[in-house]
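Architecture and fold: a report
What follows is each chain in one-letter form.
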Amino acid sequence: MTNLDILQTVNTPSYVIDERKLRENLEVLKMVQDETGCHILLAQKAFSMFYFYPMIGKYLSGATASGLFEAKLAHEFMPGKENHVFSPAYKEQDFAELVQICDHIIFNSFAQWKKYKDIALKAGVECGIRVNPECSTQEGHAIYDPCAPGSRLGVTLDNFKPDKSEGLAGLHFHTLCEQNSDDLKTTLQAIEDKFGKYLTDLKWLNFGGGHHITREDYDINLLIDCINHMKDKYDLEIYLEPGEAVALNAGWLVSEVLEIIDNNIQIAILDTSAACHMPDVLEMPYRPNVIGAGEPNEKPFTYRFGGPTCLAGDIIGDYSFDKPLKVGDKVIFCDMAIYSMVKNNTFNGMPLPDIAVLHEDNTVEIIKSFGYEDFKMRLS
Ligand SMILES: *Cc1c(COP(=O)(O)O)cnc(C)c1O
């Protein structure tokens, strides 16, 4: 059986994670670590399928979290690996727990650093400040640009307080999103221009995420040059914390056609929803690839895919096929491991898709399925 045949056999909707592709991505990331001595961490906010944390921990240095719950997940399922956290602001009760389980804690302001410095240093945690180099390298996606005017993410040079940085071990920046290493190089130039004079006293620099390292056209050699340059010039340890790159193209969302409606265009209603199961399709926005489908009107039969919710805009995109679709046909969306499961919701009482793995021996295993109780228990 081919992958396609196997994917046709799962219950719908299901996320099916491609173990082989995940491992290939991890091998690429490990190669970057081995070549440079940098530390690469999984940014859990993109992919928190902890079933795979033991495997991820074999390749990467650890994980990073956006808050207490993700930090606890990494602590539980990647024991012994590095555990980092960044949040724009910490709650006191969370912080007491974070210092027990995290190696690195990144602060978003000098006020937060001052508030928590003593407890963090006493617990032996290495602390850093997130800086904003005010160097936008992305166009079009303002909500993904931490360097956009008025950003709340990162300390600008104007707000940087060198006299208050005693005790800090490193700096952190995160300004990229699905970008190549040329934009990293541009960003590092801004970091050096603005914060270079502070780097020599520090132990590490964290390059954040948004590095699309496992994408085919990514320039890994330039990434390696960038890492080595910062490492050698300032005598720093370098951290990277990609989310997307870890599980890029490593999963599908398999769905089924429930109904076909004609309203000047052909509309196929699926048992999966953009709003509930692939919200980045609406937020980013983008059009996910579908196996066997072309651009609208490229092939003879074009359909608009919509979810079964009441939201008029619950539209996934327009796709064309060689043959007409019929009720019961499977529709398989690509690159659905990242920013999918982690963003699921049950709006309209939509069921959560199963989570399955396509193993390297081409067998499928259902890791988790959800039902009515999972909907109900969050609502009172
Ligand atoms: C989102 C985020 C990441 C991961 O970003 P990707 O685009 O998924 O690589 C890493 N670090 C921080 C601070 C983030 O906010």
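Please refer to the structure higher up on the page.
Residues numbered from 1 in each chain as written. Predicted model: local features only at pLDDT ≥ 70, side-chain atom pairs only at ≥ 80, totals over all residues. Heavy atoms only, no water.

Before going further, it helps to examine the overall build of the protein. If you tally the helices and strands in the protein, you get 12 helices and 16 strands. Against the globule reference of 21 Å for 380 residues, the protein gives a C-alpha radius of gyration of 22 Å, in line with a compact fold. Taking the principal axes of its C-alpha atoms as reference, the protein extends roughly 65 × 45 × 40 Å. Contacts spanning at least 24 positions in sequence make up 67% of the contacts within the protein whose residues lie at least 6 apart. Carbon together with sulfur atoms contributes 50% to the accessible area of the protein, which is approximately 17100 Å² in total. (Helix = DSSP H or I, 4+ residues; strand = E, 2+ residues; numbered from the N terminus. Rg over C-alpha atoms; globule rule 2.2 N^0.38 Å. Contact = heavy atoms within 4.5 Å. Areas by Shrake-Rupley, 256 points an atom, 1.4 Å probe, with all protein chains shown as cover.)

To continue, consider the packing of helix H5 (residues 92-101) against helix H6 (residues 110-122). At a closest axis distance of 10 Å, the pairing of H5 and H6 adopts a crossing angle of 30°. Judged by the inter-axis angle, H5 sits roughly parallel to H6. Two packed elements cross with a definite hand, and for H5 against H6 that hand is right-handed. Between H5 and H6, the contacting residues are Glu92, Phe95, Ala96 and Val99 on the first element and Lys115, Tyr116, Ile119 and Ala120 on the second. A class-by-class count of the residues in the contact of H5 with H6 yields 6 nonpolar, no polar and 2 charged. (Axes fitted to C-alpha atoms, helices over the stretch in contact; angles between N-to-C directions. Parallel < 35°, antiparallel > 145°, perpendicular 65-115°, else oblique. Left-handed = near helix turned anticlockwise from the far one by under 90°. Nonpolar A, V, L, I, M, F, W, Y, C, P; charged D, E, K, R; others polar.)

So, about the state of the cysteines. A full pass over the atoms with the stated rule returns 0 disulfides. Between Cys38, a cysteine without a disulfide, and Cys226, which holds the nearest cysteine sulfur, the sulfur-to-sulfur distance is 12 Å. A disulfide-free cysteine, Cys135 has its sulfur positioned 6.3 Å from the sulfur of Cys147, the nearest such atom. (Disulfide = S-S within 2.5 Å.)

Right, let's talk about the site of the ligand for a bit. Close to the ligand lie 13 residues; Lys45, Gly210, Glu241, Gly243 and Tyr339 are nearest. Between an oxygen atom of the ligand and a side-chain N or O atom of Lys45, the distance comes to 2.7 Å. Tyr339 has a polar side-chain atom sitting 2.6 Å from an oxygen atom of the ligand. Calculation on the ligand without its partners gives an accessible area of 390 Å², and the protein chains cover 88% of this total. Class assignment for the residues of the shell around the ligand results in 4 nonpolar, 5 polar and 4 charged. (Near = heavy atom within 4 Å. Polar contact = N/O pair within 3.5 Å; in protein donor to acceptor, adjacent residues only side chain to side chain.)

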